[in-house]
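Take a look at the letters that make up each chain.
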Amino acid sequence: MSRSAHPAGPRHADVLPEGHWTAPATDLNALDEKVWSRTVTRGADGAVSVGGIEVARLAEEFGTPAYILDESDFRARCRAWADAFGADADVFYAGKAFLSRAVVRWLTEEELNLDVCSGGELATALDAGMPAERIAFHGNNKTIAEIERAVTAGVGRIVLDSFQEIVRVAHVAQGLGKRQRVQIRVTVGVEAHTHEFIATAHEDQKFGIALADGQAAEAVRRALTLDGLELIGIHSHIGSQIFDMAGFEVSARRVVGLLAEIRDEHGVELPEIDLGGGLGIAYTSEDDPREPHEIAKALGDIVTRECESAGLATPRISVEPGRAIVGPTAFTLYEVGTIKPLEGLRTYVSVDGGMSDNIRTALYDAEYSVSLVSRSSDAGPMLVRVVGKHCESGDIVVKDAFLPSDLAPGDLIAVPATGAYCRSMASNYNHALRPPVVAVRDGRARVIVRRETEEDLLRLDVG
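As the structure is a prediction and not an experimental result, all values here were calculated from the model. (Residues numbered from 1 in each chain as written. Predicted model: local features only at pLDDT ≥ 70, side-chain atom pairs only at ≥ 80, totals over all residues. Heavy atoms only, no water.)

(A) Structural view of the overall build of the chain. Along its length, the chain carries 12 helices and 24 strands. What you see for the chain is a C-alpha radius of gyration of 23 Å, in line with the 23 Å of a compact globule of 463 residues. In terms of principal-axis extent, the alpha carbons of the chain reach across some 70 × 50 × 45 Å. Across the 463 residues that make up the chain, the buried fraction comes to 53%. For the chain, restricting intrachain contacts to residue pairs at least 6 apart in sequence, the fraction spanning at least 24 positions comes to 71%. (Helix = DSSP H or I, 4+ residues; strand = E, 2+ residues; numbered from the N terminus. Rg over C-alpha atoms; globule rule 2.2 N^0.38 Å. Buried < 20%, exposed > 50% of the residue type's maximum accessible area, 1.4 Å probe, protein only. Contact = heavy atoms within 4.5 Å.)

Structure below.
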């Protein structure tokens, strides 16, 4: 969950209350399968491998920091989501979590759809060969140029986010001689994060058209009158990192209520409902996400029950997992630089990356795990804070965790579950060079997004 922050940033060396952190694992060498990708193992010599390749070899060949992406795991999760929802539903991978041309090709081969929310994401999708009819275009402020490109390409749906956008998309589509399939994004008054949800008073956000006060119903009226639009359904999205289905149940009830109003007023039963994404993953051993088949059954049961109650045919369901697919498939590999014990507090472990490759800890107060991966250790645990090399006291990667007390400069450590949003939100703060994304599969490794160079930075600086 997001938190309020002092404008000067987090307090340096803030002392945690006793018992704030989770007790150290019995075995610091153990790798919790909930937070690591499926091919990650620790060998008899203590070194960790992924896809059959030791991390030391990856560090030597590709350098650190680096995002190491388990391609086999990514593909397996795509198949799990597709199989769970079946042929009567649609799974759209949320490209904002992490997108590259290689990922688009994997999605195409695994027969998933893709949602994009910018011109750049759309360009990447089209360039890598994703069929346009399998693309959904999101965003709260799409430009005319972006809309023209999407309509011209023939994207399968555009998600309308405002009254102005209803008119813009209709105008562009009509000018191009097309009828664009669209959904209306509705703000249903539900906000859900992790294990909590609140069912009222959350219309105060930039996304969607509020269900309250009849605004969504008016948006439907306008969309149905415009020749350039084919309204196919209603879209909702209630939050992020969600483990509990209760929020979806309230959201679905409200969306189905709108569908019933549309039927009663216009004599039309819209054929689709998109319940969005936000489904959670395990960042630490304390997280307990649901499997795709559990989520599919729960959402299907909720929508079917609500539609039966309203006397509606059950619409085709869409979902948009992004983090839930790519998040667990990658880890960030770092080399330890300096180690600074603070008596009675904790030990600061500095790595060769930081907030430029993972802003989520500073931005969202996100929690992560960390492990020593270049070797095993029988040393006792020490409480550490893993920090980066940036000139910022809030440059924290892992707030509090336990690593072996014999940790030394030059060791390799890894932070799992960094496949979602870390590379997507990476920056050049302090003119840091963004790390590469290295895909590993069946004993082979290849760069799918190369490491930036100083020449890249200087090429954009036209002086």
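Still more to cover.
(B) View of the pairing of strand 8 (residues 157-160). Every second residue of strand 8 is oriented toward a common face, with R157 and V159 on one face and I158 and L160 on the other, all of them buried. Sheet analysis places strand 7 (residues 135-137) next to strand 8, joined by two bridges and oriented parallel. What sits directly across from A136, in strand 8, is R157. The parallel pair strand 7 and strand 8, bridged by helix 5 (residues 144-153), forms a crossover whose chirality is right-handed. (Pairing = 2+ DSSP bridges. Right-handed = clockwise from strand over helix to strand, strands pointing away.)

(C) Up close: the packing of aromatic side chains. Under the definition given, this model contains five aromatic pairs. Judged by centre distance (6.0 Å) and plane angle (10 degrees), the ring pair of W81 and F85 falls under stacked. Within this pair, W81 and its partner F85 are both found in helix 2 (residues 71-85), separated by four residues, close to a single helical turn. Overall, the relative accessible area of 3% leaves W81 in the buried class. The buried category is assigned to F85, whose relative accessible area is 12%. In this structure, K142 packs its charged tip against the face of F137, placed 5.9 Å from the ring centre. (Phe/Tyr/Trp six-rings, centres within 6.5 Å; stacked < 30°, edge-to-face > 60°. Lys NZ or Arg CZ within 6 Å of the ring centre and 35° of its normal.)

(D) Main features of the pattern of salt bridges. Scanning the model with the defined rule gives 31 salt bridges in all. In this structure, the salt-bridge partner of R375 is D411, at a minimum N-O distance of 3.0 Å. Here D411 lies in the loop between strand 21 (396-404) and strand 22 (412-416) and R375 lies in the loop between strand 19 (371-372) and strand 20 (381-387), a separation of 36 residues in the sequence. Classification of D411 by relative accessible area gives buried; the value is 9%. (Salt bridge = Lys/Arg side-chain N within 4 Å of Asp/Glu carboxyl O.)

(E) How the structure looks around helix 2. The terminal C-alpha atoms of helix 2, which comprises 15 residues, lie 22 Å apart, in line with the 21 Å expected from a rise of 1.5 Å per residue. For helix 2, the complete set of buried residues consists of E71, D73, F74, R75, A76, R77, C78, W81 and F85. A side-chain oxygen of the first residue of helix 2 lies 3.3 Å from the backbone nitrogen of S72; this N-cap is D70. Where helix 2 terminates, the next one or two residues include G86, which has phi positive at roughly 75 degrees. (Expected span 1.5 Å × (residues − 1). Polar contact = N/O pair within 3.5 Å; in protein donor to acceptor, adjacent residues only side chain to side chain.)

(F) Region of the structure containing the nonpolar core. Of all hydrophobic cores here, the largest spans 111 residues; its most connected members are F74, Y93, I184, I234 and I413. If you tally residues by element for this core, the top one is helix 8 (residues 246-266), at nine residues. In terms of nonpolar packing, the next biggest core, distinct from the first, is built from 20 residues, V40, I68, F331 and L333 among them. (Core = buried A, V, L, I, M, F, W, Y, C linked by side-chain atoms within 4.5 Å.)

(G) The sheet that holds strand 1 (residues 41-42), seen in detail. Read from one edge of the open sheet, three strands run 1-2-3, paired in antiparallel fashion. Whereas interior strands pair on both sides, the edge strands pair on one side only; in this sheet they are strand 1 and strand 3 (53-54). Relative to strand 3, strand 2 (residues 48-50) runs antiparallel, the two sharing two bridges. Looking across to strand 3, one finds that V50 is bridged to I53.

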